[in-house]
Amino acid sequence: MSRKRKNSSPLALIAAILCVILAVLLVVAAFVLPDLTNDQPTDPTVTTAPSEPSEPSSEPTEPSETTAPTQPPIIKESTATIGATGDILLHQQVIDSGWQNDKGIYDYTYIFKHLVQYVNSVDYAVANMEGTLSGTENGDEYSGWPTFNAPNAIAEAAKNAGFDMLLTANNHAYDKGHHGFHRTQEVISGLGFDHIGTRQEADAKTYLVKDVNGIKIGLSCYTYDTRTWNDEHKISLNGIILSEDNAKLVNTFNEAYLDEFYTKLSGEMDAMKAEGADVIMLFIHWGDEYHTTPNAEQKKIAQGLCDLGVDVIVGGHPHVMQPIEMLESTTDPAHNTLCLYSMGNAVSNITHRDKAPDGTPRPYECEDGLLFNVTFAKYSDGTVIVEKADAVPYYVNRYYSSALERNMFPMVPLVLPEDEWQSAYELSDEMFNNCKKSLARTNAIIAEGLASANEFLAQQQAETEAQLGVVKN
């Protein structure tokens, strides 16, 4: 049997509903409403014990400091050594010395054989290619003085010996006219050489900026010219007038127009610096042949180049060595220039046994040469300095080979102890004595200036490093 539900009072029902709603609101408020005693919202999932009252601190509160970022220490990052040697000048007897009858070719490897280790010890090696590589296909013959045309093999031998650049602005660059001028450049470029001083196109750069171990070196090369006045102002080299187009393809200067030279070179230097050049090194063909001291014009021009801001000057053309000197700028007290007035010969047939056209004997110094090495240093803040200079002297040893029935011309470096020369280089007693005399002559010309220059450069380096606060590696 079923029981009937009792009817409830409407007011009681309403009261019950309101109580339920009020209870729900209280619960929601407990979770949602912020704790008005704390600025931070309360995490309902974390029960926090009441905090103990803190003791007042007896230490004064220090204001917070912002630590400035520390600069890395300045260090010497890298060095770059440029080695330069003098005139590669192939007279007829030198040309003949390379003929290999059994092979039917020219080969001049023997000339550089003993110098290879010293060439390869520098970072970038330079030589002066005096004369042309005009070939014979155009009807020319290989020839020495007065118009030089050497076989390609001499450039090949220089490349195999480790040379990286050939200088092509000199007074014999146009000895074989247009053909020889351009073919010379084609041959050496084809062998992978850099070259400066001449170019094939009028819009080509007149200089080179070479990155050597992270140091950018601006390189340029100039030769003196002989100018003639007829109806026009014409450029000539070795008495041969250049065509108007080819005259624009070689870097020349004339002692009568030095302002023109300085303006042109200044523009080059600006262009080199715009390409990031750290230092400027200039090779220049100048001076009086067979004179072991620079003439007044060389001294004047060297000072002008120093005042322009050139860092290193390396000269050639006299066929003998001339001194080394540090020059001080007259326009910038902080600038100095290292100058070697002449490197001497690398290879030639000029010896004391030969005579000038007037019958005067050539000086013994024609048989002496050197690999002149200049080292640059770069620091981590970008500063670059000329750090030091040194030289590898050598003797151009002309001797007669009875086996080959011709004269030979090996370069004999004079760096090893004297008692090792004969065995190392297969020297006769006469050759050995000639080498000793050669070294004495070389020292008489460059030793004092080289020592003085290095003393100055070492002092300059010490001052620079002190100013920079350089940390030694």
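Residues numbered from 1 in each chain as written. Predicted model: local features only at pLDDT ≥ 70, side-chain atom pairs only at ≥ 80, totals over all residues. Heavy atoms only, no water.

A. How the structure looks around the overall build of the protein. A tally of helices and strands in the protein yields eleven helices and 22 strands. For the protein, the proportion of its 473 residues judged to be buried stands at 47%. Sequence separation of 24 or more characterises 72% of the internal contacts of the protein that already satisfy a separation of 6 or more. About 24,700 Å² of surface is accessible on the protein, with carbon and sulfur atoms providing 52% of the total. (Helix = DSSP H or I, 4+ residues; strand = E, 2+ residues; numbered from the N terminus. Buried < 20%, exposed > 50% of the residue type's maximum accessible area, 1.4 Å probe, protein only. Contact = heavy atoms within 4.5 Å. Areas by Shrake-Rupley, 256 points an atom, 1.4 Å probe, with all protein chains shown as cover.)

B. Structural view of the packing of helix H10 (residues 418-425) against helix H11 (residues 429-468). Where H10 contacts H11, the two axes come as close as 10 Å, and the packing angle between them is 130 degrees. In this view, H10 runs oblique relative to H11, as classed from their interaxial angle. Note on packing geometry: the crossing formed by H10 with H11 is right-handed. Across from Glu-418, Trp-421 and Gln-422 in H10, the residues of H11 making contact are Asp-429, Phe-432, Cys-435, Lys-436 and Leu-439. Its residues placed into classes, the contact of H10 with H11 shows four nonpolar, one polar and three charged. (Axes fitted to C-alpha atoms, helices over the stretch in contact; angles between N-to-C directions. Parallel < 35°, antiparallel > 145°, perpendicular 65-115°, else oblique. Left-handed = near helix turned anticlockwise from the far one by under 90°. Nonpolar A, V, L, I, M, F, W, Y, C, P; charged D, E, K, R; others polar.)

C. Molecular detail of the nonpolar core. Membership of the largest hydrophobic core comes to 47 residues, with the highest contact counts inside it found for Ile-88, Leu-90, Ile-111, Phe-112, Ile-154 and Phe-163. The dominant element in this core, judged by the number of residues it contributes, is helix H5 (residues 153-160), at five residues. Formed by 44 residues, the second largest nonpolar core is a distinct cluster that contains Ala-80, Leu-340, Leu-370 and Ile-445. (Core = buried A, V, L, I, M, F, W, Y, C linked by side-chain atoms within 4.5 Å.)

D. Spatial organisation of helix H6 (residues 177-190). Helix length check: H6 (14 residues) gives 20 Å between terminal C-alpha atoms against 20 Å at 1.5 Å per residue, within 8%. All buried positions along H6 are accounted for by Gly-177, Gly-180, Phe-181, His-182, Arg-183, Thr-184, Gln-185, Val-187 and Ile-188. Tucked into the core, H6 has its buried residues touching H5, strand E5 (165-167), strand E6 (194-196) and helix H7 (244-247). Remark: Gly-192 follows H6 within two positions and exhibits a positive phi of approximately 95 degrees. (Expected span 1.5 Å × (residues − 1).)

E. Structural view of the pattern of salt bridges. Evaluated as defined, the whole model comprises eleven salt bridges. We note a salt bridge from Lys-378 to Asp-278, for which the minimum N-O separation is 3.7 Å. Of this pair, Lys-378 sits in strand E18 (residues 368-379) while Asp-278 sits in the loop between helix H8 (258-274) and strand E13 (279-285), and the two are 100 residues apart along the sequence. For Asp-278, a relative accessible area of 28% gives the class partly exposed. Close ionic contact of Glu-325 with Lys-299 constitutes a salt bridge, the shortest N to O distance being 3.1 Å. (Salt bridge = Lys/Arg side-chain N within 4 Å of Asp/Glu carboxyl O.)

F. Seen up close, the packing of aromatic side chains. Tallying each qualifying case throughout the model produces ten aromatic pairs. Chaining the aromatic ring pairs together yields one cluster made of Trp-99, Tyr-106, Tyr-108 and Tyr-142. Positioned above the aromatic ring of Phe-193, the side-chain terminus of Lys-159 is 5.0 Å from the ring centre. (Phe/Tyr/Trp six-rings, centres within 6.5 Å; stacked < 30°, edge-to-face > 60°. Lys NZ or Arg CZ within 6 Å of the ring centre and 35° of its normal.)

G. Spotlight on the pairing of strand E10 (residues 233-237). Relative to strand E11 (residues 240-241), E10 is paired through two bridges, and the arrangement is antiparallel. Looking at the pairing, Leu-237 lines up with Ile-240 of E11. As consecutive antiparallel partners, E10 and E11 are separated by two residues, and within that stretch Asn-238 has a phi angle of approximately 55 degrees, a positive value. (Pairing = 2+ DSSP bridges.)

H. View of the pairing of strand E4 (residues 124-130). E4 sits mainly inside the fold: seven of its seven residues count as buried. Direction of pairing for E4 relative to E5: parallel, over a ladder of three bridges. In the sheet register, Val-126 faces E5, and the bridge partner there is Met-165. For the segment spanning E4, H5 and E5, crossover handedness is right-handed. (Right-handed = clockwise from strand over helix to strand, strands pointing away.)

I. A look at the side chain of Asn-373. Within the secondary structure layout, Asn-373 lies in strand E18. Not counting residues up to four positions away in its chain, the partners in contact with Asn-373 are Thr-81, Ile-82, Gly-83, Val-122, Lys-388, Ala-389, Asp-390 and Val-392.

J. Region of interest: the environment of Asp-225. Considering the arrangement of structural elements, one finds Asp-225 in the loop between strand E8 (215-224) and strand E9 (226-229). In this structure the C-alpha to C-alpha distance between Asp-225 and Leu-237, which are twelve residues apart in sequence, comes to 5.5 Å. A polar contact of 2.9 Å, which involves the side chain of Asp-225, links it to the side chain of Asn-254. (Polar contact = N/O pair within 3.5 Å; in protein donor to acceptor, adjacent residues only side chain to side chain.)

K. Representation of the packing of H8 against helix H9 (residues 296-308). Between H8 and H9, the shortest axis-to-axis distance is 11 Å and the interhelical angle comes to 35 degrees. For the element pair H8 and H9, the recorded crossing hand is right-handed. Side by side, H8 and H9 meet where Leu-258, Phe-261, Tyr-262, Leu-265, Ser-266 and Met-269 of the first sit next to Glu-297, Lys-300, Ile-301, Gly-304, Leu-305 and Leu-308 of the second. Partitioning the contact of H8 with H9 into residue classes produces eight nonpolar, two polar and two charged.

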